Structures are given as structure tokens and as C-alpha cells.
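Understanding the architecture of this molecule
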Amino acid sequence: ATGATTLSLGNGNVFDVTLTGNATFSFTGATNGKACSFSLYLHQDATGSRTVTWPASVKWSGGAPTLTTTASAVDILVFETLNGGTTWYGSLVGTNFV
């Protein structure tokens, strides 16, 4: 993934994404009136130092987490919504899996 990257819940609820450049994510496909969630396995490529911009609709406890930028590292995140994606709640499960 690099640049504008859309994750669609119509394609599943577990995403395995390798960053090959800086990426700006958007999320689609959540159903209004239904709880929806997905997991994101976010890999740095062999170069590393890739950054992510999250949608403004994502709310974090204590602010957006600092992601690992080490080459080939993996961070795991979970996103949940109760209102069709108007608000997403983001949680960092773990960082720097190498």
C-alpha cells in the first residue's frame, strides 16, 4: 500500500497490508445499525520508515498510537464502529512483531 488506500469491509474483516510508501487509509462498507469491526496487520516493507494517516473518523484512546517504522516489522490494530463508519474506534493490539 502506498498513497490513498481503501479498506472495504465488503472484502472481509482481516486485512494484511504491506506499506511500500506512506499511506492514507479510508474505510468503507460498514453497515449502519450493525456493529462492524476489522483487524489490520500492518507490515513495514524491507525499507521501513513508512508512515500512516488515519481517517478523521477514527477515535483513539489517548491519541493515535506510534507505529513501528523498523523494516519488516508488523503492527496489529483493530477498528470497530457502531454507526456505519461515522465513528471508528481504533485499538492498537501490539507493535514491532519481527
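Look up a bit, the structure's there.
Residues numbered from 1 in each chain as written. Predicted model: local features only at pLDDT ≥ 70, side-chain atom pairs only at ≥ 80, totals over all residues. Heavy atoms only, no water.

**Let's talk about empty space enclosed by the protein**
The final tally for this structure, using the stated rule, is one cavity of 30 Å³ or more. In this structure, the largest cavity spans a volume of roughly 30 Å³. Along its surface, the largest cavity is lined by L42, H43, Q44, L67, T68, A73, V74 and D75. Listed by contribution, the elements that provide at least two residues to the lining of the largest cavity are β4 (36–44) and β7 (74–81). Ranked by residues supplied to the lining of the largest cavity, first place goes to β4 with three residues. (1 Å grid on protein atoms, 1.4 Å probe; cavity = no way out; pocket = protein on both sides within 12 Å on 5 of 7 lines; lining within 4 Å. Points joined across faces, edges and corners; volume = space filled by probe spheres on them. Helix = DSSP H or I, 4+ residues; strand = E, 2+ residues; numbered from the N terminus.)

**Points about the sheet that holds β7**
Pairing within the open sheet is mixed, and its five strands lie in the order β2-β4-β7-β8-β6. This sheet does not close on itself; its edge strands, each paired only once, are β2 (14–19) and β6 (58–60). In this sheet, neighbouring strand axes are inclined to one another by 30° on average, regardless of whether the strands run parallel or antiparallel. Relative to β7, β4 runs antiparallel, the two being bridged by eight bridges. Bridge pairing in β7 links Y41 to I76. (Pairing = 2+ DSSP bridges. Axes fitted to C-alpha atoms, helices over the stretch in contact; angles between N-to-C directions.)

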